[in-house]
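# Breakdown of the fold
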Amino acid sequence: MSDAATSAIIPAEGATEPLTLMGAGLVGSLLALYLARHGHSVDMFERRADPRLASGLEGRSINLALSDRGWRALDGVGIGDEVRQVGIPMYGRTMHDQHGQLTHQPYGQENQAIYSVSRAGLNRKLLDLVEAEPGIKLHFNQQCLNVDLRHHTIQLRDVTTAQEQVRPFRRLFGTDGAYSAVRGAMQKTDRYNYSQSYLEYGYKELHIAPGPNGTWQFEKHALHIWPRGQYMMIALPNLDGSFTCTLFFPYEGPHSFAALQTPAQVQAFFEEVFPDAVPFMPELGTDFFSNPTGSLVTVRCFPWAFNDEVLLIGDASHAIVPFYGQGMNAGFEDCSVLNSLLTQYGSDWHAVFQLFQTQRKPDADAMADLAIYNFEEMRDRVADPRFLLQKKIESKISAQYPGQWLPLYSQVTFSHTPYAEALANGRRQEQIMSGLMPYIQKESDYEQNQVQELLREAMSKLHQQI
Ligand code: FAD
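Residues numbered from 1 in each chain as written. Predicted model: local features only at pLDDT ≥ 70, side-chain atom pairs only at ≥ 80, totals over all residues. Heavy atoms only, no water.

A few words now on the nonpolar core. Ranked by internal contacts, the top residues of the largest apolar core, which has 67 residues, are Leu74, Leu122, Phe173 and Phe332. If you tally residues by element for this core, the top one is helix α2 (residues 26-37), at nine residues. The contact partners of Leu122, leaving out residues within four places of it in the chain, are Leu26, Leu66, Leu74, Val83, Val117, Met328 and Phe332. (Core = buried A, V, L, I, M, F, W, Y, C linked by side-chain atoms within 4.5 Å. Buried < 20%, exposed > 50% of the residue type's maximum accessible area, 1.4 Å probe, protein only. Helix = DSSP H or I, 4+ residues; strand = E, 2+ residues; numbered from the N terminus. Contact = heavy atoms within 4.5 Å.)

This is the structure:
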């Protein structure tokens, strides 16, 4: 458990005020808890219906990978341990080649894992806690249509009755995701920087059924990848023995969503390229055409704050592609950072908002770059024996130089090193590896004098750079 978990939040005296929060997704719910624990009252608006009322009717589980940054933020409101009990640790990646041969690559040290958790389950858990907090009021079915920044009002539409209302706000937090309406209003202000870019790939969630008696058809404690160069499928385990698969696939081209138009085509294609998975996907043809195809967007914008009145957090300020499993973790880390600033600066909102955005923006940009980089690694490089050899050598270096060399994946996933710093370290490490790898054909070459000498030299330079 982290330090954040053990230190209780003490509200600053006389600092409480009514706050408005738009979007009760993962980040919004967690943020509301932090704000309430600082003594503020929070009105929370959410476009969707209460997901807890739909329980039982909802479709199959969709899961997310939770890692250290996320855990710290959950521990900070005291629910980390409870969520861990329903998470499945995944200690490494298992790659499936086209003949069904498996290769395994650990994520970190022996006991380090990322956790597969149900997105809906986590959201429900957070909402239960939100509801139990006397200072928070939840309003479901309320869609934000517009924010009037000058007059401090929000325009809401009840999606069940179509009735509209205008409400005043004093301070507003936009946690309404990648297509944020709050950000939409900020985008219309002078000198607002905004960009969005889409990958030429979409994603589709599919399903691997549980085995007999709820057993897992593949190794339960791994994230499975079927890397195929220009596309890939991944699978994360669920508690009921099933796996949620995600196919990342081009929209157009010879192997693409456009090229697969009938259940028979889908079946034949999967049998050819994912032969070991298909026998466990009995509803592939139906799933493929009934599940939506999602797009993959990166959103960058700045500023995240409008005066000291509005602040964007989570995907609303930095939506990234999902290949590092960090979108939610980064949004949760936003909550930890904001919590520290609130502890330090109390109700000096100007300081809190300004420091928050200047501190987090470089990290969000770095994470966006890392996420795109990891797509190439997952769909392509993990199938390359040279790449896997390099990873093994890197873990040897890490063991030989503890404290001086933490692999990039570990810095991002198992540490709290700011993302921008992790990216810079990763680039320096990559430079060193490109100098070493020409001398290494097999694992044991690492011990050779020439390699060790080159490494010693590189490490002393690395030390000087940091
Ligand atoms: P959201 O989860 O989008 O929540 C926004 C909320 O605001 C929603 O409840 C929405 O209904 C509400 N809302 C939106 N507009 C309005 C409006 N106008 N009025 C009122 N309410 C509104 N991250 C990880 O850390 N690990 C992973 O393994 C991972 N896997 C992913 C896989 C895929 C395929 C995708 C697409 C993303 C993945 N992510 C992952 C990223 C993660 O889903 C997001 O980063 C995370 O959900 C962001 O949380 P959020 O609360 O900021 O936004």
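Turning our attention to the site of the ligand. With respect to spatial proximity, 28 residues lie near the ligand, and among them Glu46, Ala65, Arg119, Cys144 and Asp315 are the closest. Within the contact set of the ligand, an oxygen atom lies 3.2 Å away from a backbone nitrogen or oxygen of Gly325. Within the complex, 87% of the 990 Å² of free accessible area of the ligand lies under protein. Residue classes in the shell around the ligand are distributed as ten nonpolar, twelve polar and six charged. (Near = heavy atom within 4 Å. Polar contact = N/O pair within 3.5 Å; in protein donor to acceptor, adjacent residues only side chain to side chain. Areas by Shrake-Rupley, 256 points an atom, 1.4 Å probe, with all protein chains shown as cover. Nonpolar A, V, L, I, M, F, W, Y, C, P; charged D, E, K, R; others polar.)

One water molecule sets the probe size; rolling that probe over the atoms shows where empty space is left. The calculated volume of the second largest pocket comes to roughly 740 Å³. Looking at the lining of the second largest pocket, the elements with two or more residues in it are β6 (102-106), α11 (349-379), α12 (385-400), α13 (408-413) and α14 (419-436). Here the residues of the lining of the second largest pocket are counted per class, giving 13 nonpolar, twelve polar and nine charged. Two domains share the lining of the second largest pocket, each providing at least three of its residues, namely domain 1 (13-87 + 118-196 + 297-376) and domain 3 (384-465). (1 Å grid on protein atoms, 1.4 Å probe; cavity = no way out; pocket = protein on both sides within 12 Å on 5 of 7 lines; lining within 4 Å. Points joined across faces, edges and corners; volume = space filled by probe spheres on them. Domains from an automatic or database assignment.)

Looking at the element boundaries, Lys204 is found in strand β13 (residues 193-208). Summary of buried charges: Lys204 has no salt-bridge partner, and the nearest side chain of opposite charge, Glu205, is 9.4 Å away. Polar contacts involving the side chain of Lys204 include one to the main-chain carbonyl oxygen of Asn291, which spans 2.6 Å. Of note is the side chain of Lys204, whose polar atom sits 3.0 Å from the side chain of Thr293. (Lys, Arg positive; Asp, Glu negative; His and termini not counted. Salt bridge = Lys/Arg side-chain N within 4 Å of Asp/Glu carboxyl O.)

The strands making up a sheet associate through hydrogen bonds between their backbones, and the pairing can be parallel or antiparallel. The sheet built from three strands is open, its strands ordered β3-β7-β4 with antiparallel pairing. Pairing within the sheet leaves two strands with one partner each, and these edge strands are β3 (63-66) and β4 (88-90). Each strand of the sheet is rotated relative to its neighbour by a mean of 35°, with strand direction disregarded. Bridge count for β3 against strand β7 (residues 114-118) is four bridges, and the pairing is antiparallel. Along β7, the bridge assignment pairs Leu64 with Val117. Each of β3 and β7 is contacted by helix α5 (residues 119-132), which is oriented at about 75° to β7, the strand it contacts most. (Pairing = 2+ DSSP bridges. Axes fitted to C-alpha atoms, helices over the stretch in contact; angles between N-to-C directions.)

Let us look at the domain arrangement of the protein chain. The assigned domain composition of the protein chain is domain 1 (13-87 + 118-196 + 297-376), domain 2 (197-295) and domain 3 (384-465). Of note, the centres of domain 1 and domain 3, computed from C-alpha atoms alone, are 36 Å apart. Across the contact, 16 residues belong to domain 1 and 13 residues belong to domain 3. Of the roughly 1,400 Å² buried where domain 1 meets domain 3, counting both sides, 59% is carbon and sulfur surface. The interface formed by domain 1 and domain 3 holds eight residue pairs in polar contact (both at pLDDT 80 or more) in total. Counting only elements with at least two residues in the side of domain 1 that touches domain 3, the list comes to α3 (68-76), α10 (327-345) and α11. Sorting elements by how many residues they give to the side of domain 1 that touches domain 3 places α11 first, with seven residues. Of the residues belonging to the side of domain 1 that touches domain 3, the class tally is six nonpolar, three polar and seven charged. (Buried area = accessible area lost by both parts, 1.4 Å probe.)

Moving on to the pairing of strand β2 (residues 41-45). In terms of strand pairing, strand β1 (residues 18-22) meets β2 through five bridges, oriented parallel. Across the sheet, Leu21 pairs through a bridge with Met44, a residue of β2. In the classification by handedness, the crossover that spans β1, the intervening α2 and the parallel β2 is right-handed. Here four bridges tie β2 to strand β8 (residues 136-139), and the two strands are oriented parallel to one another. Bridge assignment links Val42 to a residue of β8, and that residue is Ile136. (Right-handed = clockwise from strand over helix to strand, strands pointing away.)

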